[in-house]
Amino acid sequence: MLLSCFPAPAARAQSTGDPLVLAFYYTWFDNNTWTYDKLSDLPAEPYVSSDRGVMGRHIAQAQAAGIDAFVVAWYGPNGNQTESNLAALLEEAAARNFKIAILFESDSPFLGGDLTGAMSHALSVHANQPAYLRADGKPVIFFWRNSIYGLGTWQNVRAAVDPGYSSLWINEGVDTSFLAVFDGHYLYSNTWNPPNDLTYTNQKFATRVAAATQSFGSGKLWVATVMSGYNDVRVRPGAGFATDRAGGGYYQQAWSAAIASKPNWIVITSFNEWPEGTYIEPSAAYGDQYIGLTAAGSGQLKSG
């Protein structure tokens with residue numbers, strides 16, 4: 001049975017002390033995406049990402065799962081559909097008391113190396129929308145692969161667009177030295193090949209973030225990651241790998257390990273990253289099982 005329509009909760013201001021649950025979200029799918037030669041599973045209802053009805057359905061499913069915001073992959077302001085789809089999502093979220101944040105794709109082919117211009121646009125245009133996710137009044141921006149640029153580059157970008165640190169920038173990867181410039185840290189993926197101990201990995205990075213707080217003299221956010229599994233063997237033949245979902249058991253283990261690390265927030269990889277098989281969106285194979293499992297994990301986090 002698939003979830004369809006849910007009442008939206010009342011909007012309220014968020015703080016960095018709130019145990020938020022976020023989920024990465026992608027807006028570049030169309031009818032040509034949904035084929036088993038590239039994907040191991042398909043959505044219960046195949047869709048085009050630009051369809052506002054689909055956006056509304058996904059927001060309702062996320063709310064039913066206890067998710068507070070989508071962190072939406074963004075390629076920059078020029079020449080790509082993630083810009084127009086982000087703007088539409090912000091409007092649809094505002095109508096439903098839901099929140100949206102940006103996942104800044106540092107390796108975007110549409111940036112042309114202009115990180116400063118793109119970040120200025122993100123902060124002045126999108127982050128000023130009513131539905132944009134803020135914590136302690138500051139807009140939240142996650143980054144993907146920011147480590148392809150050096151720390152000095154990001155210092156220059158931040159000095160140009162946000163010298164007063166009036167937004168929250170969340171660094172991705174295994175290098176926590178970027179916390180000299182960034183305000184928080186997360187791992188996009190912690191489902192590795194060969195497998196790792198999720199409890200150990202979460203605690204390791206939680207400890208590193210705590211150490212950075214001491215080193216840099218300001219509070220740094222630890223954002224723990226949960227994943228339902230992984231499977232990219234059809235999009236990366238010969239190089240991909242799969243981590244079995246174990247009937248939902250792997251996802252439950254991921255939630256327990258994340259919560260044990262006492263994070264500020266948890267981020268789900270992902271709501272709908274279908275080519276890498278990390279989705280929790282209702283699917284042909286699993287129905288809405290992972291919406292229910294997410295609601296349970298979210299409830300556990302938020303109950304303290």
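Our structure's up above, just so we're on the same page.
Residues numbered from 1 in each chain as written. Predicted model: local features only at pLDDT ≥ 70, side-chain atom pairs only at ≥ 80, totals over all residues. Heavy atoms only, no water.

Asker: When you look at the nonpolar core in this model, what are you seeing that I'm missing?
Answerer: The tendency in soluble globular proteins is for nonpolar side chains to be buried side by side. Ile67, Phe70, Phe104, Phe142, Trp154 and Trp265 are the most contacted members of the largest nonpolar core, which has 91 residues in total. Residues within four places of isoleucine 67 in sequence aside, it is in contact with Val21, Leu22, Ala23, Ala62, Phe98, Ile268, Phe271, Ile280 and Thr294. (Core = buried A, V, L, I, M, F, W, Y, C linked by side-chain atoms within 4.5 Å. Buried < 20%, exposed > 50% of the residue type's maximum accessible area, 1.4 Å probe, protein only. Contact = heavy atoms within 4.5 Å.)

Asker: Could you clarify how one ought to interpret the layout of surface pockets in this entry?
Answerer: The gaps of empty space that remain are located by a probe, the size of a water molecule, rolled over the atoms. Taken as a whole, the largest pocket spans an internal volume of roughly 530 Å³. Residue lining of the largest pocket: 27 residues in total, with Trp144, Glu172, Tyr188, Ser189 and Glu276 positioned closest to the centre. Within the lining of the largest pocket, the residues separate by chemical class into 15 nonpolar, 5 polar and 7 charged. (1 Å grid on protein atoms, 1.4 Å probe; cavity = no way out; pocket = protein on both sides within 12 Å on 5 of 7 lines; lining within 4 Å. Points joined across faces, edges and corners; volume = space filled by probe spheres on them. Nonpolar A, V, L, I, M, F, W, Y, C, P; charged D, E, K, R; others polar.)

Asker: I would appreciate a short explanation of helix H2 (residues 81-94) in the present structure.
Answerer: Residues three or four positions apart in an α-helix share a direction because the helix packs 3.6 residues into each turn. The terminal C-alpha atoms of H2 lie 20 Å apart, and with 14 residues this matches the ideal 20 Å at 1.5 Å per residue to within 8%. For H2, the set of buried residues is Thr82, Glu83, Asn85, Leu86, Ala88, Leu89, Leu90, Glu92 and Ala93. The inward-facing, buried residues of H2 contact strand E1 (21-25), helix H1 (52-64), strand E2 (69-74), strand E3 (99-105) and helix H3 (115-124). (Helix = DSSP H or I, 4+ residues; strand = E, 2+ residues; numbered from the N terminus. Expected span 1.5 Å × (residues − 1).)

Asker: Explain the packing of helix H5 (residues 198-216) against helix H6 (residues 249-260) to me, please; I cannot follow it from the model alone.
Answerer: For any two helices packed against each other, the geometry is given by the interaxial angle and the distance between the axes. Following both chains from N to C, one finds H5 and H6 inclined at 30°, their axes separated by 8 Å at the closest point. Relative to H6, H5 is oriented roughly parallel. Seen along the crossing, H5 lies across H6 with a hand that is right-handed. Between H5 and H6, the contacting residues are Leu198, Thr199, Asn202 and Gln203 on the first element and Tyr250, Gln253, Ala254, Ala257, Ala258 and Ala260 on the second. (Axes fitted to C-alpha atoms, helices over the stretch in contact; angles between N-to-C directions. Parallel < 35°, antiparallel > 145°, perpendicular 65-115°, else oblique. Left-handed = near helix turned anticlockwise from the far one by under 90°.)

Asker: Would you take a moment to explain the pairing of strand E8 (residues 221-226) for this structure?
Answerer: On a regular strand, each side chain points to the face opposite its neighbour's, so the side chains alternate between the two faces of the sheet. With 6 of 6 residues buried, E8 lies mostly within the body of the structure. Crossover handedness for the path strand E7 (residues 184-186) to H5 to E8: right-handed. Note: E8 against strand E11 (residues 265-268), 4 bridges, orientation parallel. Bridged to valine 223 within E11 is tryptophan 265. (Right-handed = clockwise from strand over helix to strand, strands pointing away. Pairing = 2+ DSSP bridges.)

Asker: How should the packing of aromatic side chains be read in this particular structure?
Answerer: For any two aromatic rings, the description comes down to two numbers: the centre-to-centre distance and the angle of the planes. In the structure shown here, the tally under the stated rule is 31 aromatic pairs. With a centroid separation of 5.0 Å and an interplanar angle of 50°, the aromatic rings of tryptophan 34 and tyrosine 47 are classed as tilted. A residue pair is termed long-range when its members are at least 10 positions apart, and tryptophan 34 in the loop between E1 and H1 and tyrosine 47 in the loop between E1 and H1 qualify at 13 residues. Like tyrosine 47, tryptophan 34 is buried. An aromatic cluster of at least three residues, connected via ring pairs, comprises Trp74, Phe104, Phe143, Tyr149, Trp154, Trp169, Phe178 and Phe182. Stacked on the ring of tryptophan 169, the Lys or Arg arginine 158 has its end atom at 4.3 Å from the ring centre. Seen from the ring of tyrosine 279, arginine 245 lies directly overhead, with NZ or CZ sitting 4.2 Å from the centre. (Phe/Tyr/Trp six-rings, centres within 6.5 Å; stacked < 30°, edge-to-face > 60°. Lys NZ or Arg CZ within 6 Å of the ring centre and 35° of its normal.)

These values are about where atoms sit, not about what they do.
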